[in-house]
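Commentary on secondary and tertiary structure
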Amino acid sequence: MCTLEKRGRLFLLKLTGDGEHRLNPTLLDNIRSAITQIRSDPSSSQSVLITTSDGKFFSNGYDLALAASDPPLRAVMAAKLQSLVADLISLPMPTIAAVTGHASAAGFLLAMSHDYILMRRDRGFLYMSELDIELVLPAWFMSMIRMKVVSPAAKRDVALTAEKITADRGLEMGIVDSSHGSAGETVEAAVKLGEEIVRRGADGHVYGRMRETLLREVLHAIGSNESASNGVRNSGSKL
Amino acid sequence: MCTLEKRGDLFLLTLTGDDEHRFHPDTISSVLSLLEQAKSQSTRGSVLITTAHGKFFSNGFDLAWAQAAGSQTGAVNRMHQMVESFKPVIAALIDLPMPTIAALNGHAAASGLMFALSHDYVFMRNDRGVLYMSEVDLGLPLPDYFAAMFAAKIGTSIAKRELLLSGKKIKGEEAVALGIVDSAAHDSVEGVVEATVSLGESLAAKKWNGEVYASIRKSLYPGLCTMLSLTAKIAASP
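Residues numbered from 1 in each chain as written. Chains lettered and ligands numbered in written order. Predicted model: local features only at pLDDT ≥ 70, side-chain atom pairs only at ≥ 80, totals over all residues. Heavy atoms only, no water.

**Re the packing of aromatic side chains**
Residues and elements named next belong to chain B. What counts here: Centres within 6.5 Å are what make two rings of Phe, Tyr or Trp a pair, Trp counting through its six-membered ring; a difference in plane orientation under 30 degrees is then read as stacked, over 60 as edge-to-face, and the rest as tilted. We call a residue buried when its accessible area falls under 20% of the maximum for its residue type, exposed when it is over 50%, and partly exposed in between, using a 1.4 Å probe and counting protein chains only. A ring has a charge above it when a Lys NZ or an Arg CZ is no more than 6 Å from the ring centre and no more than 35 degrees off the ring normal.
Tallying each qualifying case throughout the model produces eleven aromatic pairs over all chains. Judged by centre distance (5.7 Å) and plane angle (25°), the rings of W208 and Y213 are stacked. Here the two residues W208 and Y213 agree in accessibility, since each one is buried. Aromatic rings pair up to connect F23, F57, F61, F86, F115, Y145 and F146 into one cluster. Between the NZ or CZ atom of K6 and the centre of the ring of F11, over which it lies, the distance is 5.0 Å. Sitting above the plane of the Y132 ring, K169 keeps its charged end 4.7 Å from the centroid.

**Looking at the interface of chain B and chain A**
Put simply, the test is: Contacts are residue-level and defined by heavy atoms, with any inter-residue pair within 4.5 Å sufficient. By definition, the buried area sums, over both parts, the 1.4 Å-probe accessible area that each loses when the two are put together. Whenever a carboxyl oxygen of Asp or Glu lies within 4 Å of a side-chain nitrogen of Lys or Arg, that contact is scored as a salt bridge. For the purposes of these results, a polar contact is taken to be a pair of N or O atoms within 3.5 Å, where, inside protein, one atom must be able to donate a hydrogen and its partner to accept one; residues adjacent in sequence count only when each atom of the pair is a side-chain atom. A run of H or I in DSSP counts as a helix once it spans at least four residues, and a run of E counts as a strand once it spans at least two, with each numbered from the N terminus. Classification convention: Asp, Glu, Lys, Arg as charged; Ala, Val, Leu, Ile, Met, Phe, Trp, Tyr, Cys, Pro as nonpolar; all other residues, Gly among them, as polar.
Opposite the 26 residues of chain B that make contact, chain A presents 21 residues. With both chains or domains summed, chain B and chain A bury close to 2300 Å², and 65% of this area falls on carbon and sulfur atoms. Summed over the shared surface of chain B and chain A, the number is two salt bridges. For A:E134, the salt bridge goes to B:R44, with nearest N and O atoms at 2.7 Å. For the pair chain B and chain A, the interface holds seven residue pairs in polar contact (both at pLDDT 80 or more). Looking at the side of chain B that touches chain A, the elements that each hand over two or more residues are α6 (144-153) and α10 (210-220) of chain B. Its residues assigned to classes, the side of chain B that touches chain A shows 14 nonpolar, five polar and seven charged.

**A word on the sheet that holds strand β4 (residues 56-58) of chain B**
Note: strands within a sheet are paired through backbone hydrogen bonds, in either parallel or antiparallel orientation. Residues and elements named next belong to chain B. Stated precisely, the cut-off is as follows: A pair of strands counts as paired when DSSP detects no fewer than two bridges linking them. Every axis in this analysis is a line fitted to C-alpha atoms, fitted for helices over the stretch in contact. Angles between the N-to-C directions lie between 0 and 180 degrees.
Taken together, the four strands give an open sheet; going across it, the order is β4-β6-β8-β9, and neighbouring strands pair in mixed fashion. In this open sheet, the two strands that pair with only one neighbour each are β4 and β9 (169-171). The average angle at which neighbouring strand axes cross in this sheet is 20°, direction not considered. As paired strands, β4 and strand β6 (residues 107-109) are joined by two bridges and run parallel to one another. Looking at the pairing, F56 lines up with H107 of β6.

**Here's the deal with the sheet that holds strand β9 (residues 164-165) of chain A**
All names here are of chain A. Taken together, the four strands give an open sheet; going across it, the order is β4-β6-β8-β9, and neighbouring strands pair in mixed fashion. The open sheet has two edge strands with one neighbour each: β4 (57-59) and β9. Here strand β8 (residues 126-127) runs beside β9; their pairing, made up of two bridges, is antiparallel. Note that in β9 the partner of Y127 across the bridge is K164.

**A word on the packing of helix α3 (residues 72-90) of chain A against helix α9 (residues 204-214) of chain A**
All names here are of chain A. Which entries qualify depends on this criterion: Angles below 35 degrees are treated as roughly parallel, those above 145 as roughly antiparallel, those between 65 and 115 as roughly perpendicular, and all remaining angles as oblique.
Running from N to C, α3 and α9 cross one another at 125°; their axes reach a closest spacing of 7 Å. Between α3 and α9, the angle is such that the two are oblique. Packed against α3, whose contacting residues are L88, I89 and S90, the element α9 presents G208, R211 and E212 at the interface. Broken down by class, the residue content of the contact of α3 with α9 amounts to two nonpolar, two polar and two charged.

**Quick look at the confidence of the model for chain A**
Test applied: Values of pLDDT, ranging from 0 to 100, describe the predictor's confidence in every residue of the model.
This prediction gives chain A a mean pLDDT of 93; 94% of its residues lie at or above 70. In this model residues 227-239 of chain A is a low-confidence stretch, pLDDT under 50, and it forms 28 contacts with partners more than four residues away in sequence or in other chains.

**Comments concerning the pattern of salt bridges**
For the coordinates displayed, the defined rule picks out 29 salt bridges over all chains. Of the charged contacts in the structure, one is a salt bridge between A:E20 and A:R22, with a shortest N-O distance of 2.9 Å. With its nearest N and O atoms 2.8 Å apart, the salt bridge here joins B:R217 to B:D120. You can see B:R217 sitting in helix α10 and its partner B:D120 sitting in the loop between α4 (111-117) and β7 (121-125), a full 97 residues away along the chain. Neither B:R217 nor B:D120 differs from the other in exposure class; each is buried.

Next comes the structure, spelled out in C-alpha cells:
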C-alpha cells in the first residue's frame, strides 16, 4: 500500500503497486502511520519528506466505488484525509510531492498539500474532476486551492474548467515547481532538491510552524469541518 | 436596451444600440430580469455570453442622470440608488447556474468593467477598447462589493494598482499581460464574438450540472459572496 524508506536525511514515502492508489480508509491509515513514524524519528527536524508513487497514478482520489457500496465510509475517508492533510501542514520538515502519474480530485489535493510539486512532463495530469462527476468541492478543498493556486484565472481553470493540467501547464499556472522528462528523472530531481534543502540546515520545527501560519486558513477550514464523532485532528506540532 | 437570445445551448445577452450602455435604474432592471430569465431557462450545458453593440461595452453608471437631480444631495442619492440596485445584477451573475463569458466589443469603464469581470471568462479586442476604472479620476470611492470583486479577480498587486490607482486606460495586450482578461487576440468585434461562441460551445459540450457549477464558483470567491449576500452550499464531505 505504501512504503517508507530513509535515505540519509530524506524520507521517501511511496504509494506502491500498479493501481489507482485510491484514498480508501486503509491506505489513508497506512500513510498516516508512516507520517507518525517520520515525526518520531530523532532526525526529523533536519529532514525532508518526498512522496511519490508507482505506476500510472499518483492517486485518483477517494475510493468512490467503496463509498457507493458503503455510504458511511464517505465521511470516514474525508475525516482521515483531513487529519492527514493537517498532519502534513504541521509536519516539522519540508515536503516534496514527486508526481509521476495522474493526480485527481483528493489525489490532486494530496499533492497540493506538499510544499513543492515536481512532476513528469511526458505523461499524467493534475485534475480537479469534481465538476465533471457532478460533485461540489468541499470547503476545505477550496481553501487549499485558494491558497495554492493564486492567479484568479488559474483558480478558475482548476475548479471551474476542470482542466486536465500537464506538468508544463502547471508550471505556467504556478502550481508545479518544475517539470521533468520521466518518472525516474522526477524522483531524482526531488531527491536533489531534498538534499539541497537539507544542506541549508533550517530548523524543521520553525519551518512547520511557519507553514501552519501560511496555511492557517486551510487548517481552520479543516477544523470547522470535523464532526465531533470523527476523531482527533492530528495537527500537534512538537515545539 | 438589452435582449436575450438563445442559440442552441448558448444564451446571448446583448446591450443594444450605439450608445454608451450606461447603467441607469431602467437598464439595471432590464438586465436583471434577463439574467433571471436565463436562470429559469437553464439546463445542463447552458452557457451565457454577454456582449454589446457599438463602441462601448458599458461606460459605467449614468452620472448625467444623477446630476439631473438638481442638487448635491439629490445627485448623491441617485448615485447611491444605482450602486445599490446594481448589486443584485452582479449577484445574479455570480449565482448563475452556467458558465459565463463576456465578449467585450469596446470600452468597459467603472461599473461597466465590474459587469465584465463578473463573468467567468473575459475576452476583449486587441485593436480597440480599453478597460478603465475612472473612479480615481472622478473622485468617487469604490463601493464595497466592487472592491471585493477586484480582490477576487485581479491577482497581482501590480495589476490592482494599475487598474484601481493609476487612472490608466488599459488596452487589450496589457490587460492580458496583467491577467485581467483571458484573451485579446482579435482585431474585430466579429473575431471576439466568434472566439467566445467557440469557447461557449466547448463548455456547453461538458453538459455540466449548473447548480454544482454555481456552487463551485461561489466557493472560489467567499469574500465577494459575503458582500453580495450569497451563500455557497458546500458539501462537508465527498
